[in-house]
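Descriptive analysis of the structure
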Amino acid sequence: MLQAEIKSLLKEDISILIKVPNSGKHYLCDCGEASLLTVKETQTISALFISHTHIDHFSNFDGIFKHQIGSGEKIVICGPKNIHHQAEARLKSYTWNLIDENAIEYEIREIISEKEIHVYRIRPPFWNLESVTTQDFLFEDEYVTVECTILDHKTDSVAYLFKEKDSVTFHENASTFKKGKWIGELKTAFENNNADREIEIEEKMHKAADLFHLLTRNPGYKLGVIMDHAAIEDNYRKIKTVFEGADLVYIETFYKDTDQEFANLNYHSFASASGKIMNDCQVKQAIPIHFSRRYTESDQQEIETAFYKAFKKN
């Protein structure tokens, strides 16, 4: 199951680390200044997912790549329109005469729309952008696929849904056959919907479809991160399309209900609005995050109370 840790304290910028257990694989959602993010964690980040580049979501980009340079790894950066030029500008603002071109590679994925992703490559020491391709999906590796939707925050603000790959369980007690390599072959046929595949078990051939009852597909865990967004119907429609039924969602809840006027003015959400859309999406668990710096711990408690009242109203 995917695990998420908020790496920022109450009055700090937002940053959320997502881990794949037992893999050493980390993903980072937004890179504001966050005192709980360690150097070791930074060095194991394989992909950055930037919602938007307001300073409180992007200010620690330099600190992150400072600890990644020299790894020789390819790091993926996903973000809204113009993210490739903004990352390029940050990288080019330093002198890199002692850094080899193989020290690191960034692959930048600029989200034009949910189905139009422009891919660029950038390497030291000159950090010149290379256009690679345009693709219709955002991110996939051996552990997760990541979908997104673009919300209105008076600028594009990308919300991300991380989905673990589905797994397949073999029910040993339901089988009369001895265990063997045929189980792996059966799982492959099941995952590829290849019902006609012939599986050899104990020197006899069996059609895969006749053995599928021994398997169960387990849907992958879905974890969402929804950052800054205006409390408007168009955003809610997009959120519901992507995040409905998710297992866990972290959602921006910048203002108290009594400060809705500021929320409307600044294209942010507020406590009961964020709780209600999570309730409407029927997510299993929702956590309010990213509160205004003006608030104290008691204000945070007020936000959380209003949020969970709206989230659990049914």
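See the structure printed just above.
So, here's what we can say about the structure. It should be emphasised that the depicted structure is a prediction, and the values quoted were computed from it without experimental measurement.

**Observations concerning the sheet that holds strand β9 (residues 139-140)**
- The strand order β9-β10-β11-β16-β17-β18 describes an open sheet built from 6 strands, whose pairing is mixed. Edge strands, defined here as strands with exactly one partner in the open sheet, are β9 and β18 (285-289).
- Here 4 bridges tie strand β16 (residues 222-226) to strand β17 (residues 248-252), and the two strands are oriented parallel to one another. In the strand pairing of β17, Val225 is matched with Tyr250.
- Of the strands in this sheet, β10 (144-152), β11 (156-164), β16 and β17 are in contact with helix α6 (residues 233-243), which crosses β10 at around 170°.
- Most of the contacts of helix α8 (residues 271-280) go to β17, to which it runs at about 155°, and overall it touches β16, β17 and β18.

**Let's talk about the nonpolar core**
- Membership of the largest hydrophobic core comes to 31 residues, with the highest contact counts inside it found for Ile16, Ile18, Phe49 and Tyr160.
- For this core, the leading source of residues is β10, giving 4 residues.
- Core analysis: the next-biggest nonpolar cluster, separate from the first, contains 27 residues, Leu161, Ile239, Ala271 and Met278 among them.

**Let's talk about the environment of Arg197**
- The topology assignment puts Arg197 in the loop between α5 (182-191) and β13 (198-201).
- C-alpha separation for the pair Arg197 and Gly220, spaced 23 residues apart in sequence, amounts to 25 Å.
- Once residues lying within four places of it in the same chain are set aside, the contact partners of Arg197 are Glu185, Thr188, Ala189, His206, Lys207 and Ala208.

**Some points on the sheet that holds strand β3 (residues 25-29)**
- Pairing is mixed across the open sheet formed by 8 strands, whose spatial order is β1-β2-β3-β4-β5-β6-β7-β8. Each having just a single partner strand, β1 (3-6) and β8 (130-135) make up the two edges of the open sheet. Each neighbouring strand pair of the sheet contributes to a mean axis angle of 20°, computed without reference to strand direction.
- The pairing of strand β7 (residues 116-122) with β8 spans 5 bridges and is antiparallel. Counterpart to His118 in the pairing with β8 is Thr134.
- Along the sheet, helix α3 (residues 61-68) makes contact with β3, β4 (45-49), β5 (74-80) and β6 (105-113), crossing β4 at roughly 160°.

**A few points about α6**
- Buried within α6 are the following residues: Asn235, Tyr236, Ile239, Val242 and Phe243. Along the axis of α6, the buried residues cluster in a sector spanning 135°; they form a single face. Exposed residues lying more than 90 degrees from the buried face of α6 are Glu233 and Thr241.
- Looking at the packing, one finds that the buried side of α6 touches β10, β11, β16, β17 and α8.

Analysis parameters
Every chain's residues receive numbers from 1 upward, in the order its sequence appears when written. Where totals are concerned, whole chains, interfaces and linings use all residues; where local detail is concerned, this predicted model gives features only for residues with pLDDT of at least 70, and gives and counts side-chain atom pairs only at 80 or more. Side-chain descriptors were evaluated using all non-hydrogen atoms of the structure, hydrogens and water having been removed beforehand. The pairing criterion is simple: DSSP has to find at least two bridges between the two strands. Numbering of helices and strands starts at the N terminus; helices are DSSP runs of H or I of at least 4 residues and strands are runs of E of at least 2. The contact definition used throughout considers only heavy atoms, calling two residues in contact when any of these lie within 4.5 Å. Note on geometry: axes are C-alpha line fits, over the in-contact stretch for helices, and angles between N-to-C directions span 0 to 180 degrees. To define a nonpolar core, start from buried Ala, Val, Leu, Ile, Met, Phe, Trp, Tyr and Cys residues and group those joined through side-chain atoms within 4.5 Å. Only protein chains enter the calculation, and the probe is 1.4 Å; a residue is then buried if its accessible area is under 20% of its type maximum, exposed if over 50%, and partly exposed in between. Arc definition: directions from the helix axis to the C-beta atoms.

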